[in-house]
Amino acid sequence: MQRRRLGRTDMEVSALGFGGAEIGYDGVKPAAATRLLNAALDAGLNVVDTAECYGDSETLIGRAVSGRRHEFHLFTKVGHAAGWDRPDWRPPVILKSIERSLERLRTDVVDLVQLHSCSEGVLRRGDAITALETAKQRGLTRYIGYSGDGAAARYAVDSGRFDTLQISVSIADQEAIDAVLPSARERGMGVIAKRPIANVAWRSRSRPPATAYHRTYWERLRELDYDFVAHGMGDAVATALRFTLSVPGVHTAIVGTTKPDRWRENAERLHAGALSPAAFDAIRTRWRERARRDWTGET
């Protein structure tokens, strides 16, 4: 699998990374998580991304692949130590959360800790960023980053205090391509694309419930009406993933799944490399023609 230097860090990351949200939220059993994560590493992935609020994700990852720690780069996120609906950006809480993450992940240090979708206001206060810088000074993490979208992501980039940015980039979520990524490239930031296949929202024939995670992308894709979405699931996923990884400045794309075989399938889909300029430009043109002003980055 192709590897790329993650911005100005020393990490050579696989183009495809493992997203740990699903195994935590979907209640995957330890044995299944072990098969899944080892399949990902065996397929050539060397990025594992999780968060303290993704259920048992950190614990499952620690149990499954801590013995192969030298084979991959380990990322986590902070800000929701008590759960996603109870954010807490106080520095002591952040530092304690990082220490807890290290215990769960069975490692002495992670490669990256990211502030997890905090607001621009929290970023401007600065103490949450300082907490991450303190963790870096203490040797708890090698690098620090911001995970989020919109104005907060732009501020995070412009602050110059982060090594990396994790942001939504997909066929159904292109705001960041013009609004954020050019500045990130200028600063040499590593860019991690989240939700790169738009939650495969087109798999639903009818409109998903309002509470469904992929509802927004489903509605956007109906209006965008890309031709390739009708070419079969495999080809559509390949095109969507290759689009995200063809965006200038994107270094790795994080994909979550609970199916071990999916990693080799996705790795094989990337063998064709970047989309042709014509195919890439067609997707960008369709977005410019049909995207609404309120189609902002989805967190």
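Quick summary incoming for the structure in this document. (Residues numbered from 1 in each chain as written. Predicted model: local features only at pLDDT ≥ 70, side-chain atom pairs only at ≥ 80, totals over all residues. Heavy atoms only, no water.)

Burial along strand S10 (residues 252–255) is two-sided: the residues Thr-252 and Ile-254 and Ala-253 and Val-255 are all buried. Pairing of strand S9 (residues 190–194) with S10 involves 2 bridges; the strand directions are parallel. Bridging across to S10, Ala-193 finds its partner in Ala-253. (Buried < 20%, exposed > 50% of the residue type's maximum accessible area, 1.4 Å probe, protein only. Helix = DSSP H or I, 4+ residues; strand = E, 2+ residues; numbered from the N terminus. Pairing = 2+ DSSP bridges.)

Here the phi dihedral of Ser-117 falls at roughly 60°; this positive angle occurs in a residue that is not glycine. With respect to the element layout, Ser-117 can be found in the loop between strand S6 (110–116) and helix H5 (120–125). With a phi close to 45°, Val-200 is a non-glycine residue in the positive phi region. One can find Val-200 in the loop between S9 and helix H10 (215–224). Note on Val-200: relative accessible area 14%, which makes it buried.

Taken in spatial order, the 8 strands of this closed barrel run S3-S4-S5-S6-S7-S8-S9-S10, and their pairing is parallel. Each neighbouring strand pair of the sheet contributes to a mean axis angle of 30°, computed without reference to strand direction. As defined by bridge partners, strand S4 (residues 47–49) adjoins strand S5 (residues 73–78) across 3 bridges and the pair is classed as parallel. Residue pairing across strands places Val-47 opposite His-73, the latter belonging to S5. Most of the contacts of helix H4 (residues 91–105) go to S5, to which it runs at about 140°, and overall it touches S5 and S6. (Axes fitted to C-alpha atoms, helices over the stretch in contact; angles between N-to-C directions. Contact = heavy atoms within 4.5 Å.)

Right, let's talk about the nonpolar core for a bit. In terms of nonpolar packing, the biggest core is built from 87 residues, with Leu-115, Tyr-146, Phe-162, Ile-171 and Trp-263 touching the most fellow members. Among all residues touching Ile-171, those that are not within four sequence positions of it are Ala-198, Trp-202, Leu-221, Leu-224, Tyr-226, Phe-228, Ala-240, Phe-243, Ile-283 and Trp-287. (Core = buried A, V, L, I, M, F, W, Y, C linked by side-chain atoms within 4.5 Å.)

With that settled, the discussion passes to the packing of helix H11 (residues 233–246) against helix H13 (residues 277–290). H13 packs onto H11 with a crossing angle of 90° between their chain directions and a minimal axis gap of 10 Å. Put simply, H11 runs roughly perpendicular to H13. On the side of H11, the interface is formed by Thr-239, Phe-243 and Ser-246, while H13 contributes Phe-280, Ile-283 and Arg-284. Grouping the amino acids of the contact of H11 with H13 by side-chain chemistry returns 3 nonpolar, 2 polar and 1 charged. (Parallel < 35°, antiparallel > 145°, perpendicular 65-115°, else oblique. Nonpolar A, V, L, I, M, F, W, Y, C, P; charged D, E, K, R; others polar.)

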